[in-house]
Amino acid sequence: MAKFFLPLFCMLLSFTSFGGVIKGTVVEDKNSAPLVGVIVTYKSVDTVNGTNGGAVTDIDGKYEITGVKNGEYIVSVSYITFTTEKRNVKLEGSDVTLDIRMKAEVQEMKSVEVRAKRTTNTEAAVINEIKTSNAVVSGTSASQISKTLDRSAADVVKRIPGVAIQDDRFIVVRGLPDRYNTVWLNDAGAPSSESDKKSFSFDIIPSGLIDRILIFKTPSPELPGDFAGGMVKVYTTSLPEKNQLSVSLSSSSRQNTTGEQFTANKASSTDWLGYDDGSRNIPKGTPARLERTDPNINSLSKAFGNDWAINSKAASPDVRFSMALSNVFKRKTFSIGNTFGLSYSNTKTNFNISRQDWDTTNSKSYNYMDRQFTNNASVGIVENVGFSMGNTKIEFKNLYSQVGKSFVTIRNSVRDTEYAANADEQSYAMGYDSKATYAGQLTGTHKNKTDSRKYTWTIGYTDVFRNMPDLRRIKYTKTGGDTVYKAPIANQVDPINGGGRLYQTLYEKGYSFSHQITQKIKIKEYSFDLNAGNYLEFKSRAFDMRQLGYTIQTISNGANASRLTHLDINTIFADSNVGVTKKFLMDETTNIFDKYNAKNELIASFISAKLPLGKHITIVGGVRYEHNVQSIDGYINQNPVSPKITTDFMLPSVNASYNFSEKSLVRAAYGKTLNRPEFREFAPIFFYDFDELAGNKGSLFPTIISPDGTQLKVAEVNNIDLRYELYPSSGEMIQIGGFYKTIKNSIQRVLIPGQTGDNKAFTYLNAENAYTAGVELDLRKNLVFLDNKLGTKFLKDFSVVGNLALSKSQLTFDTSKARSQIQNATLQGQSPYIVNLGMFYQNTTSGFQGSLLYNVSGARLYAVGTTEKAGESIGELPFQSLDLTVSKIFKNHYMVNFGIQNLLDSKVHFVKDSDRDGKFNSNTIDRDYKMYKPGRYFTIGLKVKF
């Protein structure tokens, strides 16, 4: 009941009556520069029943006064050292746009202090934050996001310089994959939602609930030390400036999916909400260890039910809905604000995926065509409450995300000139995977009256529950003169091919506290800033997996077993074929090492100083100390192990900038950071990935590369950066820079080849040494300057955004510990280039706006191979993305949008480095490993805003 009333209460709290709007932009008459902090007031001509109010312009010179009733008003615009402007306006059921050009007033005036809440979600605000930052930063704003069809944070961040996305949700910064990047959500550590990698799944945050995203690319004492590529800060919608309601609804069609036959299992009653209702759980009454000799084995086997049946029907269009309600209550001495956001999506994909691999004799070991059907449902809720009084602000920010995915994969072997198999195969994998994520932060900001002292603090809590109930897998084969496929079910459980049923859960909780104080210190005529603080974090994780499956007696029950194992997927495990003597019985093959518990305790302290040297030079330097204890409890073979990694590091950093003028500067930076192993990377766990046809093993799990297992070391990173920044005008910037990093004990995903392609595996090793270096270019420019040159008037409505990153990396392994790993490979996830180009159009008079966006990343390493046969490295080829968006605003409140994604109909393409030249190419030499086309994606939507 509480789950129902909380959103209802939040909506009622946010909902209020809305009137008309007076809005516009205030600029300087001489050079059209936007004016910040201008006071705009209105007063009704009706002195008896009229109303009055006002607003302050933001960093773009924009203002907006809401809740204005119909009538005639006098608008007064005042700003220190400028002549006050007055205009008469009349509201008659529609909003009024009033732009003002202010002329300078030539006279001496006493100093006046104007205070206003800082706007953070506009393009100019983010650019200003980048400009004034103590470190090298890139970012994007809610304003920029609103011009695209980006649906989640994963779509948004790939448009930031030097950033790419893997698997549609994991971030790569400067060619370094997710494990080298740290994510904070509203100034607290974000949870990892994956059981087998260190990562934050960016697809859980709807783009409409993002205020801004900043990526710090150089170390600074106040930032966490555990990153090498980038430290990502995601801020959800902040406290509102005005009362507002917006609702959007869109429908999408995917090429080769929508309207086509879509195969699925029976859904639970709550799949549409992103979680399972419990019907897929292990049946009640099942013992902690299921044995075929259990006296109740017949009834226990029947209790699992026939959840293998599949059916097909035409796929419906994708649906997305979002709503945002905001309310602010202001008084002379304080203000209270609330923002509530709700998003929902239900989408389907149908991919035809080609998969191949080769064995140690250089023959094709498999050639499959997968039909992969996926239905995703997600619910996102943001609830932010804030209180501001004087120089104190308290905020309570909450994010809850529920994402569920049901899937069915049907795999068929394909014979060709290179693959003359002895048997035809048909495999099935079906299941459900859900992630529930909560992240809450209570933050406070306190300043003294002169702004010379600032104290901030944040208490954070995260809770992640990942549930994969009843993953079912089975392989049918047909050999020789057989006309019917047969399932390989026998006396013992084969959890991968013989009707296995796997149940997996992950629980992770995180607690954090951070605080810092900044004090301006003045010694005679010299002043500087001193900053100090602490960060405490505790994480705990519990991972558990149970492996069950069907068995049948084949020796004393030959004829009956043969008949049953030849039944098709819809009938093989029907109730009449299970739980009866000489028919299918459940058994369990769970190992003692199929679970682990882990903890991480971090205590950090830092101190830094911001030292201005003259008018042009600023140096920010300091040191961060981190004490960390990482521990895990698990099993190797049958023996319990409890490895613990305790480290103490001093992490110095310095950032220096030289300001040529208010519009240009150059930065240089050095800092040391770390990269700690993730729990799953060294946990002694084995999990078979049906999609990849490969096992995944933690480094402590014995392998042919490391027969006794390997304890991963903490990677140590030295970072050097240099960047020039130019800010021609508000909302515009040009940046060009370079970076160089050395990494000791870099953690890499490596391939363990098998005799055949489908018994390969992946594990993790420390490379002895690695480096990465590159250059980055970022451009944001309005085309109004072309109007001035060409004598036109329409180019002012166009702006371009472009960024380019070129990088190179190389790693070497200690041959005494990694005997056959390929030397001098690139870092995992490293792209030699990343290109983002965007053309934006926006005309406030006509209400039209549009964008054309292009993105591509160069070929990158997926897994380091070996020098052995069938051990070639695996890489991903470039995916060229071109997206188009067009929208039209009607009567200031309604917007219709249309968009097409993947206009080029690009394909996802993985290859093996068959010629072992260290490069990945789409040719006949580098052989295909995996390939599919996501298809073009068409969207039409309506947004209503008051």
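The chain is annotated in an unreviewed UniProt entry as TonB-dependent receptor plug domain-containing protein of Flavipsychrobacter stenotrophus.

1. Description of the overall build of the chain
For the chain, the helix and strand inventory stands at eight helices and 49 strands. The buried share among the 946 residues of the chain stands at 54%. Taking contacts inside the chain between residues at least 6 apart in sequence as the whole, the part at least 24 apart equals 71%. Summed over all atoms, the accessible surface of the chain reaches about 40,900 Å², with 56% contributed by carbon and sulfur.

2. A short note on the packing of aromatic side chains
Applying the stated rule across the entire model yields 30 aromatic pairs. Judged by centre distance (5.0 Å) and plane angle (50°), the rings of Trp308 and Phe573 are tilted. Of this pair, Trp308 sits in the loop between helix H5 (297–303) and strand E18 (311–314) while Phe573 is found in the loop between helix H6 (558–565) and strand E27 (585–588), placing the two residues 265 residues apart along the sequence. Across this residue pair, the class does not change: Trp308 and Phe573 are buried. The rings of Trp308, Tyr550, Phe573 and Phe584 are connected pair by pair, giving a single aromatic cluster. Across the ring face of Phe262, the terminal group of Lys348 is positioned such that the distance to the ring centre comes to 6.0 Å.

3. A closer look at the confidence of the model for the chain
Model confidence for the chain is summarised by a mean pLDDT of 84, while 87% of its residues fall at 70 or above. Predicted confidence is poor over residues 1–18, with pLDDT under 50, and the contacts of this stretch with residues over four places away or in other chains come to 22 contacts. Per-residue pLDDT stays below 50 along residues 107–117; that stretch engages in twelve contacts with residues further than four places along the chain or on separate chains.

4. Some details on the environment of Ala805
Looking at the element boundaries, Ala805 is found in strand E40 (residues 798–812). Note on Ala805: relative accessible area 9%, which makes it buried. C-alpha of Ala805 to C-alpha of Val835: the two residues are 30 residues apart in sequence and 6.6 Å apart in space.

5. Observations regarding H6
Among all positions in H6, only Ala561, Leu564 and Thr565 are buried. Buried residues of H6, viewed axially, fall in a sector of 90°; they line one side. In this structure, the buried side of H6 is in contact with strand E24 (453–479).

6. Comments concerning the sheet that holds strand E38 (residues 760–766)
Backbone hydrogen bonds hold the strands of a sheet together, and the pairing may be parallel or antiparallel. Strand order across the open sheet formed by four strands is E33-E34-E38-E37, with mixed pairing between neighbours. The open sheet is flanked by strand E33 (686–689) and strand E37 (747–752), the only strands paired with a single partner. Averaged over all adjacent pairs, the angle separating strand axes in this sheet is 30°, with direction ignored. As judged from the four bridges shared by E33 and strand E34 (residues 694–697), these two strands associate in the antiparallel manner. Residue pairing for E34: Asp689 is matched across the bridge by Ala694.

7. Concerning the nonpolar core
Counting 30 residues, the largest nonpolar core has Ile474, Ile489, Tyr550, Phe573 and Phe584 as the members making the most contacts within it. Listing elements by their share of this core, those giving two or more residues are H5, strand E22 (392–413), strand E23 (423–447), E24, strand E26 (526–551), H6 and E27. Counting 23 residues, the second largest nonpolar core, distinct from the first, contains Tyr180, Ile752, Leu765 and Phe920.

8. As for the pattern of salt bridges
When their charged atoms lie close together, side chains carrying opposite charge are able to pair. Applying the stated rule across the entire model yields 34 salt bridges. Salt-bridge contacts for Glu508 lead to Arg541; the nearest nitrogen and oxygen are separated by 2.8 Å. Residue Glu508 is located in strand E25 (residues 498–523), and its partner Arg541 is located in strand E26; the two are separated by 33 residues in the primary sequence. Relative accessible area serves as the criterion here: at 2%, Arg541 is assigned to the buried category. Note that Glu876 is salt-bridged to Arg860, the shortest N-O span being 3.2 Å. Here the residue Glu876 occupies a position in strand E44 (residues 874–876), and Arg860 occupies one in strand E43 (residues 860–863), the gap between them amounting to 16 residues. Three or more residues are tied together by salt bridges with common partners; here these are Asp226, Arg624, Glu626 and Arg676.

9. Here's the deal with the sheet that holds strand E2 (residues 39–44)
With respect to topology, four strands assemble into an open sheet ordered E3-E2-E5-E6, the strand pairing being antiparallel. With partners counted over all chains shown, the strands left at the sheet margins are strand E3 (52–56) and strand E6 (82–91), one partner each. Across this sheet, the average inter-strand angle for adjacent strands is 20°, counted without regard to direction. Across eight bridges, strand E5 (residues 71–79) lies against E6 in antiparallel orientation. Along E6, the bridge assignment pairs Ile74 with Asn88.

10. Thoughts on the side chain of Asn600
Here Asn600 lies in strand E28 (residues 595–613). A distance of 3.0 Å separates a polar atom in the side chain of Asn600 from a polar atom in the side chain of Asn628. Sequence-distant contacts of Asn600, defined by excluding residues within four places in its chain, comprise Glu537, Phe538, Lys539, Asn628, Val629, Gln630 and Phe679.

11. Description of unusual backbone geometry
The phi torsion of most residues other than glycine is negative, and most of the peptide bonds are trans. Of note, the phi angle at Asn824 is positive, near 60°, even though the residue is not glycine. Inspection of the secondary structure puts Asn824 in the loop between E40 and strand E41 (833–843). Not every positive phi belongs to a glycine, and Arg916 is a case in point at roughly 50°. Inspection of the secondary structure puts Arg916 in the loop between strand E47 (908–912) and strand E48 (928–932).

12. Details of the side chain of Arg723
By the secondary structure assignment, Arg723 is in strand E35 (residues 715–726). The exposure class of Arg723 is buried, given its relative accessible area of 4%.

13. A look at the environment of Ile65
Secondary-structure assignment places Ile65 in strand E4 (residues 62–68). When the C-alpha positions of Ile65 and Lys23 are compared, they lie 6.1 Å apart, and in sequence the two are 42 residues distant. Dropping the residues within four chain positions of it, Ile65 is found in contact with Gly20, Val21, Ile22, Val40, Tyr42, Gly54 and Ala55.

Reading guide: rules and limits
- Residues numbered from 1 in each chain as written.
- Predicted model: local features only at pLDDT ≥ 70, side-chain atom pairs only at ≥ 80, totals over all residues.
- Heavy atoms only, no water.
- Helix = DSSP H or I, 4+ residues; strand = E, 2+ residues; numbered from the N terminus.
- Buried < 20%, exposed > 50% of the residue type's maximum accessible area, 1.4 Å probe, protein only.
- Contact = heavy atoms within 4.5 Å.
- Areas by Shrake-Rupley, 256 points an atom, 1.4 Å probe, with all protein chains shown as cover.
- Phe/Tyr/Trp six-rings, centres within 6.5 Å; stacked < 30°, edge-to-face > 60°.
- Lys NZ or Arg CZ within 6 Å of the ring centre and 35° of its normal.
- pLDDT = per-residue confidence, 0-100.
- Arc of directions from axis to C-beta.
- Pairing = 2+ DSSP bridges.
- Axes fitted to C-alpha atoms, helices over the stretch in contact; angles between N-to-C directions.
- Core = buried A, V, L, I, M, F, W, Y, C linked by side-chain atoms within 4.5 Å.
- Salt bridge = Lys/Arg side-chain N within 4 Å of Asp/Glu carboxyl O.
- Polar contact = N/O pair within 3.5 Å; in protein donor to acceptor, adjacent residues only side chain to side chain.

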